[in-house]
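Now for the letters of each chain:
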Amino acid sequence: MKNLLPFLLTVMLFVMSVNSYSQSINLMKAQELTQAAKYDSALVFVELAAINEETSKELFTWYLRGFILKELYKAKENSDPRSKLREESFKSCVKSLELDKGSEIRMNTIQTLKYLASRYKNDAAGALNSSGDYETGIYNYEMYKKAFSYVDPSMNFNQQDVEFNVVLGDVYGSIFEKDMEKNKEFFELSKKMYEKALVLNPNDASANYHLAKLYYNKALNIIKQTDYDMELIAFDNIVDESVELFKISLPYMEKAHELDPKNVNTLEGLSGIYYSLQDKEKYEKFSEERKKAEQGK
Amino acid sequence: MKQLIFVLFGAFFLSGKVDTTSPESTSAKVKTVFLYNFTKYIDWPKNYKTGSFVIGVLGPNPYLVSELNEMATKKKAGSQSFEIKNLLSLDKNIKFHMLFVSPEFETSISDIENFIKGKNTLLVTEKPGLAKQNAAINFIVQNNRQKFELNRKNAEKYNLKVSSSLNTLAILIE
């Protein structure tokens, strides 16, 4: 038995070194396939490296995984705003940076994250601008901010948050206007987004205008959607409600006008509000200003 | 890259015009709802209860005429279909159930009185003081809102019976 111990120890050490060597082989193979642009195959080997106890602690493993997944995302899921490949690439890059104490490949990881951030931002804008898919828009915008925070930790997102909240408010507002009864919660959601934007920047002309427009359109629509048959007392209450909405809209529209005096849309809004509030003098004043603004005077 | 990122959301700055339902249309809708409801609270003589229910709009008023035409496609006054006529001058040959005189129409109230003399026409106006003169109903503005004055005697002068239920919302003029 005593004579067997050195032999057993030798065998154990041999097995361990073979195991370690084979995991390094996985990483080397992944890198080799990546260089040959064979990303599907590269992924197989880098995933093995990622789950191995030793190589999972290496930042290169995660950097390489992030890079491979990014390339696969570009090839296969580029038009998918909910791409899992992109999300996994992001997670891998973050893991790589967490392990990175100032290596040479740090900048490469940052570049990958910068690319991912730009794609998230594009998809956020695309989701909101074209399909009004607010859930996808919100998800992509949040991911954009997370990714870009690694690219530039000092980045202040305030103004972009303002813009995003206004666009999102507009999407919610459009849903509300499609069916004011069925979608009434979207009025509050829309209002909340504009108000959030105004908390960040009370002097944002767009946020002021859009909040004014939300109230203004509701004021018009509740009359527009009234049935002729409505009993007069109930109708009188609707008219009261409409007037109150115009009054709420007014200060925001005035603020938007103050910030951008030649803007035709705010001038149209102001003339519309004053017309609806039966203020003939101010209606005519802003109608005149609107005409001049349209003519570029 | 940063500039591109800003531009992506920038397209929404102050775009998205206000509703295409113009305030003029909405104001016309308010009047139309009132005018339609008046047909439910006012009783015309028997010989006015056959044929079309004719509403005349005197003077240029495209939004109101459009809105009334829209209402006419959907509603009736009892069993009578609505007929909407827009006149730019006083035409004595037409029998109106209701005549709305646009504020822009330049004429004296006595001319209008002559025009509807002997007819059972509800005269509706939109100028201060006219309910005290000859109008049965006069639209006014009160606290930024459309309201209406009711002079029951001016309605009864043309053999029109006004339900007391209309008093609830009206500003009564003696």
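Things to note about the overall build of chain B
So, point 1. A count of helices and strands for chain B gives six helices and 10 strands.
So, point 2. Looking at chain B as a whole, 37% of its 174 residues qualify as buried.
So, point 3. Put simply, of all contacts in chain B between residues at least 6 apart along the chain, 62% involve residues at least 24 apart.

A closer look at the pairing of strand E5 (residues 98-101) of chain B
Residues and elements named next belong to chain B.
So, point 1. Taking every second residue as pointing to the same face, both faces of E5 are buried, with Met98 and Phe100 on one and Leu99 and Val101 on the other.
So, point 2. The sheet contact formed by strand E2 (residues 53-58) and E5 spans four bridges and is parallel. Each bridged residue has a counterpart across the sheet, and for Val57 the counterpart in E5 is Phe100.
So, point 3. The pairing of E5 with strand E6 (residues 122-125) spans three bridges and is classified as parallel. Across the sheet, the residue bridging to Leu99 is Leu123, located in E6.

Points about the pairing of strand E4 (residues 80-87) of chain B
Residues and elements named next belong to chain B.
So, point 1. With six bridges joining them, E2 and E4 adopt parallel strand pairing. Residue Ile55 lies in a different strand from E4, and its bridge partner there is Ile84.
So, point 2. Bridging between strand E3 (residues 76-77) and E4 involves two bridges; their strand directions are antiparallel. From the neighbouring strand, Ala77 faces E4, where its bridge partner is Gln80.
So, point 3. Between E3 and E4, which pair antiparallel one after the other, the connecting turn spans two residues, and Gly78 there sits at a positive phi close to 65 degrees.

Here we look at the packing of helix H11 (residues 264-276) of chain A against helix H2 (residues 23-41) of chain B
So, point 1. H2(B) packs onto H11(A) with a crossing angle of 15 degrees between their chain directions and a minimal axis gap of 9 Å. By the angle class used here, H11(A) and H2(B) are roughly parallel. Judged by the sense of rotation from one axis to the other, the crossing of H11(A) with H2(B) is right-handed. Of the residues in H2(B), those touching H11(A) at Gly272(A), Tyr275(A) and Ser276(A) are Pro23(B), Glu24(B), Thr26(B) and Ser27(B).
So, point 2. A per-class count over the contact of H11(A) with H2(B) returns two nonpolar, four polar and one charged.

Here we look at the sheet that holds E6(B)
All names here are of chain B.
So, point 1. Read from one edge of the open sheet, eight strands run E3-E4-E2-E5-E6-E7-E8-E10, paired in mixed fashion. Two strands lie at the open edges of the sheet, namely E3 and strand E10 (171-172), each paired on one side alone.
So, point 2. Alignment of strand E8 (residues 145-150) against E10, held across two bridges, turns out to be parallel. Residue pairing for E10: Leu150 is matched across the bridge by Leu172.

What to know about the interface of chain B and chain A
So, point 1. Each side of the interface is counted separately: chain B has 31 residues, and chain A has 40 residues.
So, point 2. Among the elements of the structure, helix H1 (2-10), H2, helix H3 (62-74) and E8 of chain B are those that each provide at least two residues to the side of chain B that touches chain A.
So, point 3. Per-element accounting of the side of chain B that touches chain A gives the leading share, 10 residues, to H2(B).

A few points about the environment of Ile248(A)
So, point 1. Mapped onto the fold, Ile248(A) is located in helix H10 (residues 232-259).
So, point 2. It is 7.7 Å that separates the C-alpha atoms of Ile248(A) and Ala212(A), two residues lying 36 residues apart in sequence.

Some thoughts on the domain arrangement of chain A
Residues and elements named next belong to chain A.
So, point 1. Considered domain by domain, chain A is made up of domain 1 (20-153) and domain 2 (156-297).
So, point 2. The gap between the C-alpha centroids of domain 1 and domain 2 is 43 Å.
So, point 3. The class makeup of the residues in the side of domain 1 that touches domain 2 is three nonpolar, two polar and one charged.

Focus on the packing of helix H9 (residues 205-224) of chain A against H10(A)
Residues and elements named next belong to chain A.
So, point 1. Interaxial distance between H9 and H10 falls to 8 Å at its minimum, and their mutual angle equals 160 degrees. Relative to H10, H9 is oriented roughly antiparallel. Where H9 crosses over H10, the two elements pack in a sense that is left-handed. Residues Ala205, Asn208, Tyr209, Leu211, Ala212, Tyr215, Tyr216, Lys218, Ala219, Ile222 and Ile223 of H9 touch H10, and the partners they reach there are Ile238, Glu241, Ser242, Leu245, Phe246, Ile248, Ser249, Tyr252, Met253, Lys255, Ala256 and Leu259.
So, point 2. Split into classes, the residues belonging to the contact of H9 with H10 amount to 17 nonpolar, three polar and three charged.

Thoughts on the nonpolar core
Soluble globular proteins tend to bury their nonpolar side chains together.
So, point 1. Formed by 95 residues in total, the largest nonpolar core has its most connected members in Ala147(A), Leu99(B), Phe100(B), Leu122(B) and Val124(B).
So, point 2. No other element matches the 10 residues that H9(A) contributes to this core.
So, point 3. Split by domain, this core shows at least three residues from each of two domains, domain 1 (20-153) and domain 2 (156-297) of chain A.
So, point 4. Residue contacts for Leu99(B): discarding those within four places in its chain leaves Gly56(B), Leu58(B), Ile116(B), Thr121(B), Leu123(B) and Val124(B).
So, point 5. Ranked by size, the runner-up nonpolar core spans 17 residues in total, among them Leu43(A), Ala49(A), Phe67(A) and Leu69(A).

Overview of unusual backbone geometry
Keep in mind that most residues, glycine aside, have a negative phi and that most peptide bonds are trans.
So, point 1. Not every positive phi belongs to a glycine, and Ala37(A) is a case in point at roughly 60 degrees.
So, point 2. Within the secondary structure layout, Ala37(A) lies in the loop between helix H1 (4-35) and helix H2 (39-51).
So, point 3. A tally of 9 C-beta atoms within 10 Å means that Ala37(A) is categorised as exposed.
So, point 4. A positive phi angle, close to 60 degrees, is found at Asn159(B), a residue other than glycine.
So, point 5. Residue position: Asn159(B) is located in the loop between helix H6 (152-156) and strand E9 (161-162).
So, point 6. Judged by local crowding, Asn159(B) falls into the partly exposed class, with 13 C-beta atoms found within 10 Å.

A few points about H2(A)
So, point 1. Helix length check: H2(A) (13 residues) gives 18 Å between terminal C-alpha atoms against 18 Å at 1.5 Å per residue, within 8%.
So, point 2. Among the residues making up H2(A), those that are buried are Tyr39(A), Ala42(A), Leu43(A), Phe45(A), Val46(A), Ala49(A) and Ala50(A).

Observations regarding the environment of Tyr36(B)
So, point 1. Along the polypeptide, Tyr36(B) turns up in helix H2.
So, point 2. C-alpha separation for the pair Tyr36(B) and Val141(B), spaced 105 residues apart in sequence, amounts to 19 Å.
So, point 3. Beyond its immediate chain neighbours, meaning those up to four positions away, Tyr36(B) contacts Tyr228(A), Met71(B) and Lys75(B).

What counts and what doesn't
- Residues numbered from 1 in each chain as written.
- Chains lettered and ligands numbered in written order.
- Predicted model: local features only at pLDDT ≥ 70, side-chain atom pairs only at ≥ 80, totals over all residues.
- Helix = DSSP H or I, 4+ residues; strand = E, 2+ residues; numbered from the N terminus.
- Buried ≥ 20, exposed ≤ 12 C-beta atoms within 10 Å, placed from the backbone.
- Contact = placed C-beta atoms within 7 Å.
- Pairing = 2+ DSSP bridges.
- Axes fitted to C-alpha atoms, helices over the stretch in contact; angles between N-to-C directions.
- Parallel < 35°, antiparallel > 145°, perpendicular 65-115°, else oblique.
- Left-handed = near helix turned anticlockwise from the far one by under 90°.
- Nonpolar A, V, L, I, M, F, W, Y, C, P; charged D, E, K, R; others polar.
- Domains from an automatic or database assignment.
- Core = buried A, V, L, I, M, F, W, Y, C linked by C-beta atoms within 7 Å.
- Expected span 1.5 Å × (residues − 1).

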